[in-house]
Amino acid sequence: MKTSNPVLARLGQAAERERAAGYAQPGPYGQPGYPQQYPPQQPYPGGYGQPVAPPAVTPMTLDDVVVKTVLMLALLGASAAAAWVLVPDALVGVAWIGAAVVGLVLGLIISFSRMANPALVVAYSIIEGVFVGMVSKAFETLYAGIVLQAVVATFGVFFLMAIIYKARIIRATPKFARIMVAVIAGLFGVMLVNLVLSLFGVNTHLRDGSPLAIGFSLVCIVVASLSFVLNFAEIEEGVRMGLPQRYAWTAAFGIVVGLVWLYIEILRLLSYFQGDD
């Protein structure tokens, strides 16, 4: 199955290698053909010493992705709740920044890794939960009820995008994917520059509740929402290509990253309309 997504193409090639792994183990006296799993499978016609059927690789399914996503969100929610309760108010800022940095590093490692790593994905969920918990606590302290509004809005947008994708109202064409990747990279570049400038006391008005800040948050929300179209398309292609089951963790990771980004942007946008800054 061909795909325009280079990451999925690479993973598809890895899946093919795994399905052919049964040919790789040498038999007695250097003879090929002993499988990597036991009991050995029925060999292909040809007699002793001939290659045997490769071991079965359990393919990823949509249910696998759903289960992994729910598990990641449960870990994230539990970690956020624990951080909210256990971290003293005086350390909220430190925990917020620390979790953001660690979560960013883990996210980059997972994103650029060639292999799905459930342990890293689980660790990311927990660390990101601390980050979300600290951000939520800070906003809730200033604006009572804002967290619940943001959570409801986030999942509402997610399910709306799932319906839109299912109805094929928006299609993840190669051109759409290229534009989305460029826009997301650009937005994160702008946010990084804004963060650095803010550390030196420079106000770019992107995060201060001004009309420019409202517009920027709206753009981020739209882009974060559209990123789910890419996630859904990658999952669909991955299932068709028969990627191994463990890659469901990678697919779930992509969805959770989008949900966290969307939640933070909605939380920030709602805060602009809550009265005093």
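Basis of the calculations
- Every residue gets a number counted from 1 within its own chain, in the order that chain's sequence is written.
- It should be noted that, the model being predicted, local features are given only for residues of pLDDT at least 70 and side-chain atom pairs only at 80 or more, the latter also being counted only at that level, while totals for whole chains, interfaces and linings use all residues.
- By convention in this description, side-chain values take in all heavy atoms of the structure and omit both hydrogens and water.
- What is meant by a nonpolar core is a set of buried Ala, Val, Leu, Ile, Met, Phe, Trp, Tyr and Cys residues, joined one to another through side-chain atoms within 4.5 Å.
- Think of it in three bands: residues with accessible area under 20% of the maximum for their type are buried, residues over 50% are exposed, and the middle band is partly exposed, with areas taken using a 1.4 Å probe on protein chains only.
- Helix and strand definitions here come from DSSP, where helices need a minimum of 4 consecutive H or I residues and strands a minimum of 2 consecutive E residues; each element is numbered from the N-terminal end.
- The criterion used for residue contact is that any of the two residues' heavy atoms lie within 4.5 Å.
- The term salt bridge refers to a side-chain nitrogen of Lys or Arg lying within 4 Å of a carboxyl oxygen of Asp or Glu.
- A pocket here means an open set of points on a 1 Å grid, computed over the protein atoms alone, that has protein on both sides within 12 Å along at least five of seven lines. A cavity is instead a set of points where a 1.4 Å probe fits but cannot get out; residues with an atom within 4 Å of a point line either one.
- Grid points are joined across faces, edges and corners, and a volume is the space filled by probe spheres set on the points.
- Under the scheme applied here, ten amino acids are nonpolar (Ala, Val, Leu, Ile, Met, Phe, Trp, Tyr, Cys and Pro), four are charged (Asp, Glu, Lys and Arg), and all others, including Gly, are polar.
- UniProt positions are given in the numbering used here, feature names are shortened, and annotations may be inferred rather than shown by experiment.
- Ring pairs shown here join Phe, Tyr and Trp side chains whose ring centres sit within 6.5 Å, with only the six-membered ring taken for Trp; geometry is labelled stacked below 30 degrees between planes, edge-to-face above 60, and tilted in between.
- Note on definitions: angles span 0 to 180 degrees between N-to-C directions of axes, and those axes are lines fitted to C-alpha atoms, for helices only across the stretch in contact.
- Here the angle decides the label: under 35 degrees means roughly parallel, over 145 means roughly antiparallel, 65 to 115 means roughly perpendicular, and every other value means oblique.
- Left-handed describes a crossing in which the near helix is turned anticlockwise from the far one by less than a right angle; the clockwise case is right-handed.
- What goes into a patch is any residue over 30% in relative accessible area without a salt bridge, connected to like charges within 9 Å or, for nonpolar side chains (Val, Leu, Ile, Met, Phe, Trp, Tyr), within 5 Å.
- Throughout, the Shrake-Rupley method with a 1.4 Å probe supplies accessible areas, and for residues the shown protein chains are the sole cover considered.
- pLDDT is a residue-level measure of predictor confidence that goes from 0 to 100.

Per an unreviewed UniProt entry, the protein carries the name Bax inhibitor-1/YccA family protein and comes from Micromonospora maritima.

A separate point is the nonpolar core. In this structure, Met72, Trp261 and Leu267 are the most contacted members of the largest nonpolar core, which totals 60 residues. Looking at this core, the elements with two or more residues in it are helix H2 (62-86), helix H3 (92-112), helix H4 (118-142), helix H5 (146-166), helix H6 (174-199), helix H7 (211-241) and helix H8 (248-271). Examining the composition of this core, we find that 16 residues originate from one element, H8, more than from any other. Discounting residues that sit within four places of it in the chain, Met72 has contacts with Val121, Tyr124, Ser125, Trp249, Ala252, Phe253 and Val256.

Turning our attention to the pattern of salt bridges. For the structure shown, the criterion picks out 4 salt bridges. A salt bridge links Lys137 to Asp89; the nearest nitrogen and oxygen atoms lie 3.0 Å apart. Remark: Asp89 occurs in the loop between H2 and H3 and Lys137 occurs in helix H4; sequence separation between them is 48 residues. Here the residues in one salt-bridge network are Arg168, Glu236 and Arg240, joined through shared partners.

Using a probe with the size of a water molecule, rolled over the atoms, empty space left in the structure can be pinpointed. Here the second largest pocket is characterised by a volume of approximately 480 Å³. Residue assignment for the lining of the second largest pocket shows that the elements contributing at least two residues are H2, H5, H7 and H8. Classifying every residue of the lining of the second largest pocket gives 15 nonpolar, 1 polar and 3 charged.

With that settled, consider the UniProt feature "transmembrane region" (unreviewed entry) in the protein. The positions UniProt marks with the feature "transmembrane region" (unreviewed entry) are residues 65-87, 93-112, 119-136, 142-164, 176-200, 212-235 and 247-264. Helix makes up 87% of residues 142-164 and strand 0%, whereas the separation of the span's terminal C-alpha atoms amounts to 35 Å. With 96% helix and 0% strand, the stretch residues 176-200 has end C-alpha atoms that lie 37 Å from each other.

A full pass over the atoms with the stated rule returns 7 aromatic pairs. A ring pair is formed by Tyr124 and Phe253, whose centres lie 5.0 Å apart and whose planes are at 75°; its orientation type is edge-to-face. Pair noted here: Tyr124 is in helix H4 and Phe253 is in helix H8, with a separation of 129 residues, a long-range link. Ring geometry for Phe188 against Trp261: centres 5.0 Å apart, planes inclined by 45°, an arrangement best described as tilted.

So, about the packing of H5 against H8. Following both chains from N to C, one finds H5 and H8 inclined at 135°, their axes separated by 9 Å at the closest point. Our classification of the angle between H5 and H8 gives oblique. Here the hand of the crossing between H5 and H8 comes out right-handed. Within the contact between the two elements, H5 uses Ile146, Val147, Gln149, Ala150, Val151, Ala153, Thr154, Phe155, Val157 and Phe158 and H8 uses Ile255, Leu259, Leu262, Tyr263, Ile266, Leu267, Leu270 and Ser271. When grouped by side-chain class, the residues that make up the contact of H5 with H8 number 15 nonpolar, 3 polar and no charged.

Positive phi, close to 60°, is recorded for Arg168, a residue that is not glycine. Considering the arrangement of structural elements, one finds Arg168 in the loop between H5 and H6. On the basis of relative accessibility, which here comes to 30%, the residue Arg168 falls in the partly exposed class. Look at His205: it is not a glycine, yet its phi comes out positive at around 65°. Tracing the backbone shows His205 in the loop between H6 and H7.

So, on to a nonpolar patch on the surface. A cluster of nonpolar side chains, Leu192, Val193, Leu195, Val196, Leu197, Leu199, Phe200 and Val202, forms an exposed patch at the surface whose accessible area comes to about 780 Å². Tracing the chain through its elements places Val193 in helix H6. A relative accessible area of 48% places Val193 in the partly exposed class.

Residues with a pLDDT of 70 or more make up 78% of the protein, whose mean pLDDT is 83. Of all secondary-structure elements in the protein, the lowest mean pLDDT belongs to helix H1 (residues 6-19), at 54, while H5 reaches the highest, 96. Segment residues 1-7 is flagged for pLDDT under 50; beyond a separation of four residues in sequence, or across chains, it makes 8 contacts in the model. In this model residues 22-48 is a low-confidence stretch, pLDDT under 50, and it forms 48 contacts with partners more than four residues away in sequence or in other chains.

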